[in-house]
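Examination of the molecular architecture
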Amino acid sequence: MSDPFDCLVPIVQEKNIADIFDFVAKGQDVVLASLCQFKKEFLNYDVWYLWGGGYDGELATNFLADLLFEKEVYFVDKNPKRQGKSLYHNIKCISPSAIDMKANGVVIITTSEYAEEIKKDLETKMFPLPVVDEFIMILRFKYSVGHSNTKSIVINNINKLKERALNVEKLVYGERSKQVLFGYLARKYNPRYEYVDIIGMDGVYPAEIALRENDIAVCCGAFCGDIIESLKKYINGSKGRIYVFEINSVYYSHMEEIGIIPNDKVHVNNSILGNENRVLKANIPKKRKDECTYEELLGSEYIEIKSLDIFANLNYIEKDISFIKLNIQNGQKEALYGMEGIISKTRPRLSVTIYQWDKELMEIMEYLSSLVADYRFILRHHGRDDELVLYAY
């Protein structure tokens, strides 16, 4: 089978954001044809082992749904918390050791993040069954621009994404920001490329955002305290303070245990920032992430959500806040809505982690621009492949 990504190779050489989406549009026919060919090839096997029971596994079973009843199908996952359970489409999850090596079977890798690693590991162990890793990469590529199989709808989605990306490019400041945006989009819409290889990693804060000794800083998403320790190194003036919001009571307790709090410069709240003051019940990990998988030991607890505008007013700091760091997955916009007064009146420097560029980045930049017309925006890449940081100053 020809490689469906061959038609997309020029995007890395061109360094042009518009070209990314043009090549994606041109590649739709060959991508869909490749996926249909995979379906036909899978029918040659009696047993399907879908290796990876996470989000990609759901995508794969949804695409293969019309064939699942014809075959003996299992999820395979090393995570013991998934083994023995029925996952998507009521498919049982087994451990790798439970694979029948003598069956007329095929291993279909359904985790794009670890596909290459898993295949190499199985090849090293002389695994007897055929292993397919390209299927999930192509499927992720197809679904990156929508789940419809109607070509006109897909092309319309691609054009909207291109328009939004070009608008973001106009708003960000400096060549490095444009370079980061290009690398992020090239990686997102072409799984062949490693983001770090294209764009590299950024180290410290941009100079325009750098912390100052007497900053009054707000940090939402403190985790186990390492972020606070980093902030304290810079905010060491007589007037400098850090107001911390951390929703996870386990992390909060850990900060007490290691002596980060109590501290006259660090004020920690076991709550999260939002657009209004309220209480809700949510599932929160009951262990630190470095001690367990994210799925482990989730427990329900009541959490307090606070508007920063209200909190700052009650603590007489609404005119003093000069730096705000947000790292709240799926909660960035709501937190920003709750600090509209502070942003519009004091223009603090901002650091906002972006998880979904097409749903978050443009909307956040437009919102901030409506509050402070001449905010300048910088994009940097500090961590995971899919994680951007938006700075405003």
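Conventions we followed
- Residues numbered from 1 in each chain as written.
- Predicted model: local features only at pLDDT ≥ 70, side-chain atom pairs only at ≥ 80, totals over all residues.
- Heavy atoms only, no water.
- pLDDT = per-residue confidence, 0-100.
- Helix = DSSP H or I, 4+ residues; strand = E, 2+ residues; numbered from the N terminus.
- Contact = heavy atoms within 4.5 Å.
- Buried < 20%, exposed > 50% of the residue type's maximum accessible area, 1.4 Å probe, protein only.
- Pairing = 2+ DSSP bridges.
- Axes fitted to C-alpha atoms, helices over the stretch in contact; angles between N-to-C directions.
- Core = buried A, V, L, I, M, F, W, Y, C linked by side-chain atoms within 4.5 Å.

1. A look at the confidence of the model for the protein chain
Summary statistics for the protein chain give a mean pLDDT of 82 and a share of 81% for residues scoring 70 or more. Of all the helices and strands in the protein chain, helix α1 (residues 10-14) carries the lowest mean pLDDT, 49, while strand β1 (residues 47-51) carries the highest, 97. Here residues 7-12 scores under 50 on pLDDT; set against residues more than four positions off or in separate chains, the count is 21 contacts. Confidence over residues 288-298 falls short of pLDDT 50; this stretch has 20 contacts with residues more than four positions distant or in other chains.

2. A word on the pairing of strand β6 (residues 216-220)
With five of five residues buried, β6 is to be regarded as a mostly interior element. Bridge count between β6 and strand β12 (residues 323-326): four bridges; the pairing is parallel. Bridged to A217 within β12 is F323.

3. Comments concerning the sheet that holds strand β8 (residues 266-269)
What the seven strands build is an open sheet, ordered β8-β7-β6-β12-β13-β15-β14; its pairing is mixed. Looking at which strands have only one partner, the edges of the open sheet turn out to be β8 and β14 (377-380). With direction set aside, neighbouring strand axes in the sheet form an average angle of 15 degrees. Of the strand pairs in this sheet, β14 and strand β15 (residues 388-392) are connected by four bridges, and their pairing is antiparallel. Note on β15: the bridge partner recorded for L379 is L390. Sitting on the sheet, helix α9 (residues 175-188) is in contact with β14 and β15, with an inclination near 50 degrees to β14.

4. Quick notes on the nonpolar core
Residues W48, F135, L308 and L326 are the most contacted members of the largest nonpolar core, which totals 99 residues. The contact partners of L326, leaving out residues within four places of it in the chain, are C220, L273, Q332, A335, L336, M339, S351, V352 and T353. Residues L211, C219, I235 and F323 belong to the second largest nonpolar core, which totals 15 residues.

5. Structural notes on the sheet that holds strand β3 (residues 93-94)
Spatially, the five strands line up as an open sheet ordered β3-β2-β1-β4-β5, and their pairing is parallel. Of all strands in the sheet, those with a lone pairing partner are β3 and β5 (131-132), marking the two edges. In the sheet, β1 pairs with strand β4 (residues 105-109) via five bridges, with the strands oriented parallel. Across the sheet, V47 pairs through a bridge with G105, a residue of β4.

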